[in-house]
Amino acid sequence: MKLKFSKMHGLGNDFVVIDGVRQTVHLTAERLRQLGNRHTGVGFDQLLLVEAPQAAENDFRYRIFNNDGSEVEQCGNGARCFVKFVTEQKLTNKRAIRVETAKGVIVPMLDDNGLITVDMGVPRFAPLEIPFLAEGDAISHPLQAGEHSVDVSVVSMGNPHAVQVVDNVDTAPVAEQGPLIERHSRFPERVNAGFMQIVGRGEIRLRVYERGAGETLACGTGACAAVVAGIRRGLLDKVVRVHTRGGDLTIAWGGPGLPVKMTGPAVTVFNGEIDV
């Protein structure tokens, strides 16, 4: 069977996006790994599958798969690409779209300037909601990563994040500590490891070692988690420019109980068709 897809990216975090509304899609973990291979497949950090909603009040459902075949709950850069995809494919003419994810409904919006703003929901800090093995919520937690003890802020943005502050992201031990933190025994479902450099109260630099994908050029939920962590630590203001290796995002958070808003671009690279 031939399967139509779009190759897209949000700040270099790249995706294969598939319309599961107008075509039947069955993807095994093995097939996902084959498609995700950059040498013998299409190649992607994540694959996004667009489906019809399960509840009538919503517009779509979408599922997110890493290139190792695992399914994850949330993806900020993917949410922006999702909006561009359903708009370009004429699946909707709405500006604000209600989308079901594995961790609840998000409401991304296509702005007049072509950027996309996503309501990423309210961040969670309780260990059971992340999940994270700890006695209770704290601004930061000590974590052993190999021979080093690091101080991480633990946040759920619908998926789990452990954010540490570093002096310089260019020299941060992302390749060494990232895999150790991702698979640390205190994170039963693994975790995204963020490395945040504070530039000023309204500006950070960020690298993220993503669960199931390795380091990516940008991570939308990671940017949200880093800003939330920085605000809780008293290091950042309510609106922050986040510089990733793939480009910039604007993240806004008003404080406890309020949702995080993420604004940034999404780009379609090409449309294609592949035998599955």
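Cut-offs applied
- Residues numbered from 1 in each chain as written.
- Predicted model: local features only at pLDDT ≥ 70, side-chain atom pairs only at ≥ 80, totals over all residues.
- Heavy atoms only, no water.
- Helix = DSSP H or I, 4+ residues; strand = E, 2+ residues; numbered from the N terminus.
- Contact = heavy atoms within 4.5 Å.
- Polar contact = N/O pair within 3.5 Å; in protein donor to acceptor, adjacent residues only side chain to side chain.
- 1 Å grid on protein atoms, 1.4 Å probe; cavity = no way out; pocket = protein on both sides within 12 Å on 5 of 7 lines; lining within 4 Å.
- Points joined across faces, edges and corners; volume = space filled by probe spheres on them.
- Nonpolar A, V, L, I, M, F, W, Y, C, P; charged D, E, K, R; others polar.
- Disulfide = S-S within 2.5 Å.
- Buried < 20%, exposed > 50% of the residue type's maximum accessible area, 1.4 Å probe, protein only.
- Core = buried A, V, L, I, M, F, W, Y, C linked by side-chain atoms within 4.5 Å.
- Pairing = 2+ DSSP bridges.

### Things to note about the environment of Arg 95
Stage number 1. The topology assignment puts Arg 95 in the loop between helix H2 (76–88) and strand E6 (99–101).
Stage number 2. Taking the C-alpha atoms as reference points, Arg 95 and Val 269, 174 residues apart in sequence, are found 22 Å from one another.
Stage number 3. Once you skip the residues sitting within four places of it in the chain, Arg 95 turns out to touch Pro 108, Met 109, Leu 110, Asp 111 and Asp 112.
Stage number 4. At a separation of 3.4 Å, a polar atom in the side chain of Arg 95 contacts the main-chain carbonyl oxygen of Asp 111.

### What to know about the layout of surface pockets
Stage number 1. One number sums up the size of the largest pocket: a volume of about 210 Å³.
Stage number 2. Ranked by residue count, the leading element in the lining of the largest pocket is strand E7 (residues 104–110), at three residues.
Stage number 3. A breakdown of the residues in the lining of the largest pocket according to their chemical character gives five nonpolar, six polar and three charged.
Stage number 4. Roughly 170 Å³ of internal volume is contained in the second largest pocket.
Stage number 5. If you list the elements that add at least two residues to the lining of the second largest pocket, you get strand E1 (2–10), strand E2 (13–19) and strand E18 (267–275).

### Quick look at the state of the cysteines
Stage number 1. Inspection of every chain in the model, using the stated rule, returns zero disulfides.
Stage number 2. Cys 219 forms no disulfide, and the closest cysteine sulfur to it belongs to Cys 75, at a distance of 6.7 Å.
Stage number 3. Overall, Cys 219 belongs to the buried group, its relative accessible area being 3%.
Stage number 4. Looking at Cys 224, it has no disulfide partner, and the nearest cysteine sulfur is the one in Cys 219, 8.6 Å off.

### A closer look at the nonpolar core
Stage number 1. In terms of nonpolar packing, the biggest core is built from 51 residues, with Tyr 62, Phe 82, Val 86, Ile 204, Val 242, Ile 251 and Val 260 touching the most fellow members.
Stage number 2. If you tally residues by element for this core, the top one is helix H4 (residues 220–232), at eight residues.
Stage number 3. When sequence neighbours within four positions are dropped, the list of residues in contact with Val 86 reads Val 50, Phe 60, Leu 91, Thr 92 and Ile 97.
Stage number 4. Formed by 18 residues, the second largest nonpolar core is a distinct cluster that contains Leu 143, Ala 172, Ile 181 and Phe 187.

### Section: empty space enclosed by the protein
In this approach the atoms are scanned with a rolling probe the size of a water molecule, which exposes any empty space left behind.
Stage number 1. Scanning the entire structure with this criterion turns up two cavities of 30 Å³ or more.
Stage number 2. There is about 90 Å³ of room inside the largest cavity.
Stage number 3. Gln 46, Gln 74, Asn 159, Asn 192 and Glu 210 are, among the 15 residues lining the largest cavity, the residues nearest its centre.
Stage number 4. Put simply, the parts of the chain that give the lining of the largest cavity at least two residues each are strand E4 (60–66) and H4.
Stage number 5. In terms of residue class, the lining of the largest cavity is built from four nonpolar, nine polar and two charged.
Stage number 6. Space inside the second largest cavity adds up to approximately 40 Å³.
Stage number 7. Leu 3, Phe 5, Val 16, Ile 18, Leu 35, Val 42, Phe 44, Leu 47 and Ile 274 are the residues that line the second largest cavity.
Stage number 8. Put simply, the parts of the chain that give the lining of the second largest cavity at least two residues each are E1 and E2.
Stage number 9. Broken down by class, the residue content of the lining of the second largest cavity amounts to nine nonpolar, no polar and no charged.

### Observations concerning the pairing of E4
Every regular strand shows the same layout, with side chains that alternate between the two sheet faces.
Stage number 1. The buried fraction of E4 is high, at five of seven residues.
Stage number 2. Judged from the six bridges that link them, strand E3 (residues 46–51) and E4 form a sheet pairing that is antiparallel. Residue pairing across strands places Gln 46 opposite Asn 66, the latter belonging to E4.
Stage number 3. Relative to E6, E4 runs parallel, the two sharing two bridges. Note on E6: the bridge partner recorded for Arg 61 is Glu 100.
Stage number 4. Sheet analysis places E4 next to strand E5 (residues 71–72), joined by two bridges and oriented antiparallel. When the bridges of E5 are listed, Ile 64 appears paired with Val 72.
Stage number 5. From the end of E4 to the start of E5, which pair antiparallel, there are four residues, and Gly 69 there has a positive phi angle of about 95°.

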